[in-house]
Amino acid sequence: MPVRRCLGCGVRAPKELLARFTVVPGQDGARLARDDRGRLGGRGLYVCRVPECFDRASARRAFQRGARLRGASLAVDPALGQALDEER
Ligand SMILES: [Zn+2]
């Protein structure tokens, strides 16, 4: 079973148990998008399915680093983290 690391707290877990995000191009640059099923392709960025880990990853710019955008900015919508709160 594939295991991935949460960008918020660092725990390693089967990727099915984590929320998956990826980077998609947008009008104003790259943005983070939820992509649990991997339909959007690209490099997966994972956090636990709780807003605390999303917010921590966002505050530490872990999504930006994980996206490997080489200096380009990445828009991270806080609503993505709020959605995790609503799911639990
Ligand atoms: Zn976590």
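Asks: So what's going on with the pairing of strand β3 (residues 18-26)? Which residues, and what values?
Replies: Where β3 meets strand β5 (residues 45-48), 4 bridges bridge the pair, whose relative direction is antiparallel. Within β5, the position partnered with Leu18 by the bridge is Cys48. Here 6 bridges tie β3 to strand β4 (residues 29-34), and the two strands are oriented antiparallel to one another. Among the inter-strand pairings, Thr22 is bridged to a residue of β4, identified as Ala33. Hairpin geometry of β3 and β4 is characterised by an intervening segment of 2 residues between the two adjacent antiparallel strands.

Asks: Quick rundown of the coordination of the zinc ion? Include the residues and the values.
Replies: At the metal site, the zinc ion is ligated by Cys6 (SG), Cys9 (SG), Cys48 (SG) and Cys53 (SG), and these contacts range over 2.3 Å. Because the angles between the 4 donor atoms bound to the zinc ion fall within 105 to 112°, the donor set is best described as tetrahedral. Mapping the donors of the zinc ion onto the primary sequence gives the spacing C-x2-C-x38-C-x4-C. One end of the pair, Cys6, is in the loop between β1 (3-5) and β2 (12-14); the other, Cys53, is in helix α1 (residues 51-59), with 47 residues separating them in the sequence. No difference in accessibility class separates Cys6 from Cys53, as the two residues are buried.

Asks: Go over helix α3 (residues 78-87) with me, naming the residues and quoting the values.
Replies: Of all the positions in α3, only Leu80, Gly81 and Leu84 are classed as buried. End-on view of α3: buried residues confined to an arc of 100°, all on one side of the axis. Residues of α3 that are exposed and angled more than 90 degrees away from the buried face: Pro78 and Glu86. For α3, the capping residue at the N-terminal end is Asp77, with a side-chain oxygen 2.9 Å from the backbone nitrogen of Ala79.

Asks: Which residues make up the sheet that holds strand β6 (residues 74-75), and what values go with them?
Replies: Pairing in this open sheet of 4 strands is mixed, and the strands run β5-β3-β4-β6 from one edge to the other. Edge positions in the open sheet fall to β5 and β6, since each of these has one partner strand only. Contacting β3, β4 and β5, α1 crosses the sheet at an angle of about 135° to β5. Packing of α3 onto the sheet brings it into contact with β3, β4 and β5, and relative to β4 it is tilted by some 5°.

Asks: How would you summarise the pattern of salt bridges if you had to cite specific residues and measurements?
Replies: Counted according to the given criterion, the structure contains 6 salt bridges. For Asp36, the salt bridge is made with Arg49, and the minimal N-O distance between the two is 3.2 Å. Taken together, the positions of Asp36 in the loop between β4 and β5 and Arg49 in the loop between β5 and α1 put the pair 13 residues apart, joining distant regions of the chain. When the shortest N-O distance is used, the salt bridge between Arg88 and Glu52 registers 3.3 Å.

Reading the values: rules and limits
- Residues numbered from 1 in each chain as written.
- Predicted model: local features only at pLDDT ≥ 70, side-chain atom pairs only at ≥ 80, totals over all residues.
- Heavy atoms only, no water.
- Pairing = 2+ DSSP bridges.
- Helix = DSSP H or I, 4+ residues; strand = E, 2+ residues; numbered from the N terminus.
- Donors = N, O, S within 2.8 Å, 3.2 Å for Na, K, Ca; no water.
- Tetrahedral: all angles 85-135°; square planar, octahedral: opposite > 155°, others 65-115°.
- Buried < 20%, exposed > 50% of the residue type's maximum accessible area, 1.4 Å probe, protein only.
- Arc of directions from axis to C-beta.
- Polar contact = N/O pair within 3.5 Å; in protein donor to acceptor, adjacent residues only side chain to side chain.
- Contact = heavy atoms within 4.5 Å.
- Axes fitted to C-alpha atoms, helices over the stretch in contact; angles between N-to-C directions.
- Salt bridge = Lys/Arg side-chain N within 4 Å of Asp/Glu carboxyl O.

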